[in-house]
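Structure assessment
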Amino acid sequence: MNRGEMRTQTRILLGETVGDGYVDAEINTVLNTSCLLVARDVLSLKTRRDITTIAWNDPILVDPEDPKKEGRYSLPDDMLAMISVKIWDGGRWLPLTKMENEEYDETALVPQGSIPTHYKLEFGSVSLTAPKAGDISLWPYPDREYIVRRTFMQKPTPMSDDTHTSEIPEVAHFCACCHSA
């Protein structure tokens with residue numbers, strides 16, 4: 001179903017077949033939120049993105065505030081939930097172990113360069129003017145260039161037009177309408 005059809009279905013579920021109780025824009029907003037929540041529940045938008053690390057003490061990192069000096073890299077803005085993190089080394093993908101913030105913070109007191117074996121996730125931004133998804137921190141800090149593969153559930157793209165169709169599976173469109181209602 002496209003957004004227009006999903007809105008019509010939501011109106012039917014609300015018992016409003018004439019369209020005089022809820023404004024289209026209200027239902028459209030709730031439909032996009034519902035698609036996001038349904039995507040989280042059905043785990044259907046699995047994707048992956050690779051990043052290339054740099055040695056934490058590489059001389060090209062001249063800015064003392066550069067997050068890469070602490071093995072920190074940005075998360076994708078469209079990430080809904082992380083599934084796994086792997087690093088490419090010696091012709092194979094090695095899984096990294098997730099650490100909780102407290103454990104990571106105690107471990108990462110002394111920077112050590114080596115192949116990362118652990119990671120932690122920090123969600124959100126420290127700035128209201130530059131919101132972002134957050135960071136992934138690697139431990140030990142990378143001692144050289146590595147490829148890190150982040151496999152995650154992707155947020156569906158908000159539908160901005162009545163002809164747009166949500167990226168969640170078609171069988172889940174009715175679930176989003178029910179949630180919206």
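Higher on the page you've got the structure.
If you're wondering where the values come from, they're calculated on a predicted model, not measured in any experiment.

Take the nonpolar core next. Residues Leu75, Met82, Val85, Tyr119, Ile136 and Leu138 are the most contacted members of the largest nonpolar core, which totals 18 residues. Elements supplying a minimum of two residues to this core: β3 (79–89), β7 (118–123), β8 (134–139) and β10 (147–154). Per-element accounting of this core gives the leading share, four residues, to β3. Contact partners of Met82, with chain neighbours within four places excluded, come to Leu75, Tyr119, Leu121, Arg150, Thr151 and Phe152. One finds Cys35, Ala39, Leu45 and Met159 within the second-largest nonpolar core, a separate group that totals twelve residues.

A full pass over the atoms with the stated rule returns twelve salt bridges. With a shortest N-O distance of 3.5 Å, Glu70 and Arg72 are connected by a salt bridge. According to the relative accessible area criterion, Glu70 is partly exposed, its value standing at 42%. One continuous salt-bridge network, built from bridges that share partners, spans Arg3, Arg7, Arg11, Glu16, Asp24 and Asp162.

The rules behind each value
Residues numbered from 1 in each chain as written. Predicted model: local features only at pLDDT ≥ 70, side-chain atom pairs only at ≥ 80, totals over all residues. Heavy atoms only, no water. Core = buried A, V, L, I, M, F, W, Y, C linked by side-chain atoms within 4.5 Å. Buried < 20%, exposed > 50% of the residue type's maximum accessible area, 1.4 Å probe, protein only. Helix = DSSP H or I, 4+ residues; strand = E, 2+ residues; numbered from the N terminus. Contact = heavy atoms within 4.5 Å. Salt bridge = Lys/Arg side-chain N within 4 Å of Asp/Glu carboxyl O.

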